[in-house]
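Structural features, examined
Each chain is listed here by its residues.
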Amino acid sequence: MTKNIPSSMSEVTDQWLIEIISAHPDYTDSAIKSIERQTVGEGIGQVGEFNQVVVETHAGAKTKLFLKLRAPIEGMHAVALRYRMYEKEVRFYNELAAQMQVRTPKVIYADYDTQTENVALLMEYMEG
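Anyway, here's the lowdown on the structure attached to this text. (Residues numbered from 1 in each chain as written. Predicted model: local features only at pLDDT ≥ 70, side-chain atom pairs only at ≥ 80, totals over all residues. Heavy atoms only, no water.)

**Considerations on the environment of G60**
Of note, G60 is situated in the loop between β2 (49-57) and β3 (62-69). Remark: the alpha-carbon pair of G60 and D26, spanning 34 residues in sequence, is separated by 14 Å. (Helix = DSSP H or I, 4+ residues; strand = E, 2+ residues; numbered from the N terminus.)

**What to know about helix α1 (residues 14-22)**
Side chains three or four residues apart in an α-helix point the same way, a direct result of the helix having 3.6 residues per turn. Listed as buried for α1 are W16, L17, I20 and I21. One side of α1 holds all its buried residues, which, seen down the axis, span an arc of 120°. The secondary structure elements touched by the buried residues of α1 are β1 (32-40), β2, β3, β4 (107-113) and β5 (118-124). (Buried < 20%, exposed > 50% of the residue type's maximum accessible area, 1.4 Å probe, protein only. Arc of directions from axis to C-beta. Contact = heavy atoms within 4.5 Å.)

**Some details on the side chain of D113**
Along the chain, D113 falls in strand β4. Notably, D113 is buried but unbridged: the nearest opposite-charge side chain belongs to R70, and the N-O separation is 10.0 Å. From its side chain, D113 meets the backbone nitrogen of Q115 in a polar contact 2.8 Å long. (Lys, Arg positive; Asp, Glu negative; His and termini not counted. Salt bridge = Lys/Arg side-chain N within 4 Å of Asp/Glu carboxyl O. Polar contact = N/O pair within 3.5 Å; in protein donor to acceptor, adjacent residues only side chain to side chain.)

**Some remarks on the pattern of salt bridges**
Oppositely charged side chains are able to pair whenever their charged atoms sit close together. Going through the model one piece at a time under the given rule, you end up with seven salt bridges. Taking the shortest distance from any N to any O, the salt bridge between E87 and R84 comes out at 3.0 Å. On the basis of relative accessible area, R84 is assigned to the partly exposed category, the value being 44%. A salt bridge links R91 to E95; its shortest N-O distance comes to 3.2 Å. Highlighted residues: R91 and E95, both in helix α3 (residues 85-96), separated by four residues, approximately one helical turn. Judged by relative accessible area, R91 falls into the partly exposed class, the value being 43%. Classification of E95 by relative accessible area gives partly exposed; the value is 44%.

**As for α3**
Within α3, the full set of buried residues consists of Y86, V90 and Y93. In an axial view of α3, the angular spread of the buried residues amounts to 70°, which keeps them on one side of the axis.

**Side note on the sheet that holds β5**
Taken in spatial order, the five strands of this open sheet run β1-β2-β3-β5-β4, and their pairing is antiparallel. If you trace the sheet from one side to the other, it starts and ends with β1 and β4, each paired once. Each strand of the sheet is rotated relative to its neighbour by a mean of 20°, with strand direction disregarded. Relative to β2, β1 runs antiparallel, the two sharing eight bridges. The residue of β2 that forms the bridge with Q38 is Q52. Here α1 sits on the sheet and contacts β1, β2, β3, β4 and β5; the angle it forms with β1, its principal contact strand, is near 110°. (Pairing = 2+ DSSP bridges. Axes fitted to C-alpha atoms, helices over the stretch in contact; angles between N-to-C directions.)

Here is the structure:
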């Protein structure tokens, strides 16, 4: 279900997020009123670009989500590609996470596009 995965946070639009989030069963009963994003986890050595996404619905519910895209630094992106980190992470969340004996974040969207080498994981934000 690749949905034109952005290559960087600067390419992420509210409309893209709303489409992704609205497709998830947790959000089909209430339309999204607003989306706010904030950068988290900046620094060298990161194998991704990260945002906290706060979603508010018209019903008044607020949810924090975690958005991860490909590494913004080409050297780290190359490492992720070489070791198939993006593919493995997406497959873990899509195929194995529900079978784990430990709690994992609820996944809203996880996809990897081999053509563009872009990855997007949108999941529950677990604080602490």
